[in-house]
Amino acid sequence: MTTLENLNLDSRDISDDGLCHLRKLKLKCLDIFSGRITDIGCVHIGQMKTLESLELCGGSIGDLGCAQLAENLENLTSLNLAQNELITNNGASSLAALINLKALNLSHTSVSAGSLRFFKDLKQLQSLAIYGCRGVRNSKRVQILQGEMPNLKCLRVDGSSDNDGTVENTSGSSGEDSSSQDNDDSMSSDIDGGDLSFGNGNESDDGDMNLG
């Protein structure tokens, strides 16, 4: 077990108490979908300093949990906290400290369009999913954010099936072909030589997101 790097625990049976047993693992990737994880569980997860990819969808994580993750997991490049409805703009503000993030999913949380202003300093961010959140789809901040973040390749602000909610970022592009956005629920691409992905087989629209 000491050499384990990737762990998937998609189960409602996973709770905060169980996470304390994982603290000493040198995990790089942890995926817990629909677990009973709260801010207390984020304290345990915060001790897994080697984590690079973290998915905690469908739990009861709030702003304090976001602060714990941001304070302790500086190596994170991919973070998916979709469907944690207790996360507000305060939590989003804390997550802006994770400057190594390339992928962030806060879909179906309680953040609003105002949270977009916190992400402008995430210069490495290439994919942001924030659909199902109040006021985001029609916010002028979307265009402002794209102008401030030329590396942002995929911005999902609406989970509608019509266009997959993807807003292409044309700012800073130089002849790149951005017409390859298919109307698939699964979008995939290699980013900086690594495949970053959100979601799992248990969800089709809320958190299943391959970046591209």
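Placed above this text is the structure.
All values reported here derive from a predicted model rather than from experimental measurement.

Participant: Sorry, what's going on with the overall build of the protein here?
Facilitator: Tallying secondary structure elements over the protein gives five helices and ten strands in all. For the protein, buried positions account for 48% of its 212 residues. Partitioning the contacts of the protein with sequence separation of at least 6, the portion at a separation of at least 24 is 55%. Per element, the accessible surface of the protein, about 10,000 Å² overall, is 44% carbon and sulfur.

Participant: I tried to follow helix α3 (residues 63-72) on my own but got confused; where do I start?
Facilitator: Residues lying three or four places apart along an α-helix face the same way, a consequence of the helix completing one turn every 3.6 residues. If you check which residues of α3 are buried, you get G65, C66, L69 and A70. Buried residues of α3, seen end-on, are gathered within an arc of 135° and therefore sit on one face of the element. Of the exposed residues in α3, those oriented more than 90 degrees away from the buried face are L64 and E71. As for α3, its buried residues are in contact with α2 (39-45), β3 (53-57) and α4 (89-95).

Participant: Any chance you could explain the environment of G41 here in plain terms?
Facilitator: For G41, the location among the structural elements is in helix α2. When its relative accessible area of 0% is taken as the criterion, G41 is described as buried. For the pair G41 and C20, spaced 21 residues apart in the sequence, the C-alpha separation amounts to 7.8 Å. The residues touching G41, leaving out its near neighbours within four places in the chain, are D16 and L19.

Participant: What's the story with the nonpolar core in this structure? I'm lost.
Facilitator: Grouped together as the largest cluster of nonpolar side chains are 46 residues, with contacts concentrated most on I45, L54, L81 and F119. If you list the elements that add at least two residues to this core, you get β2 (29-33), α2, β3, α3, α4 and α5 (141-148). Sorting elements by how many residues they give to this core places α3 first, with three residues. In this structure I45 touches L19, L30, L51, L54, L56, L69 and L73, once residues within four positions along its chain are discounted.

Participant: Sorry if this is basic, but what is going on with the side chain of S112 here?
Facilitator: Topologically, S112 is positioned in the loop between β5 (103-105) and β6 (127-129). With near-sequence residues (within four places) excluded, S112 lies in contact with N89, R134 and V136.

The rules behind these values
Along every chain, residues carry numbers that run from 1 in the direction the sequence is written. Selection of residues for local features in this predicted model requires a pLDDT of at least 70, selection of side-chain atom pairs for listing and counting requires 80 or more, and totals for whole chains, interfaces and linings are taken over all residues. Side-chain metrics in this entry use all non-hydrogen atoms of the structure; hydrogen atoms and water are not considered. Here a strand is any run of E in DSSP of at least two residues, a helix any run of H or I of at least four, and the numbering for each starts at the N terminus. Here the term buried applies to any residue with accessible area under 20% of the maximum for its type, exposed to any over 50%, and partly exposed to those in between, with areas from a 1.4 Å probe on protein chains only. Whether two residues are in contact is decided by their heavy atoms: any pair within 4.5 Å suffices. In these tables, accessible area is a Shrake-Rupley quantity obtained with a 1.4 Å probe, and a residue counts as shielded only by the protein chains included in the view. Throughout, the arc means that of the directions going from the helix axis to the C-beta atoms. Among buried residues, those of type Ala, Val, Leu, Ile, Met, Phe, Trp, Tyr and Cys that are joined through side-chain atoms within 4.5 Å constitute a nonpolar core.

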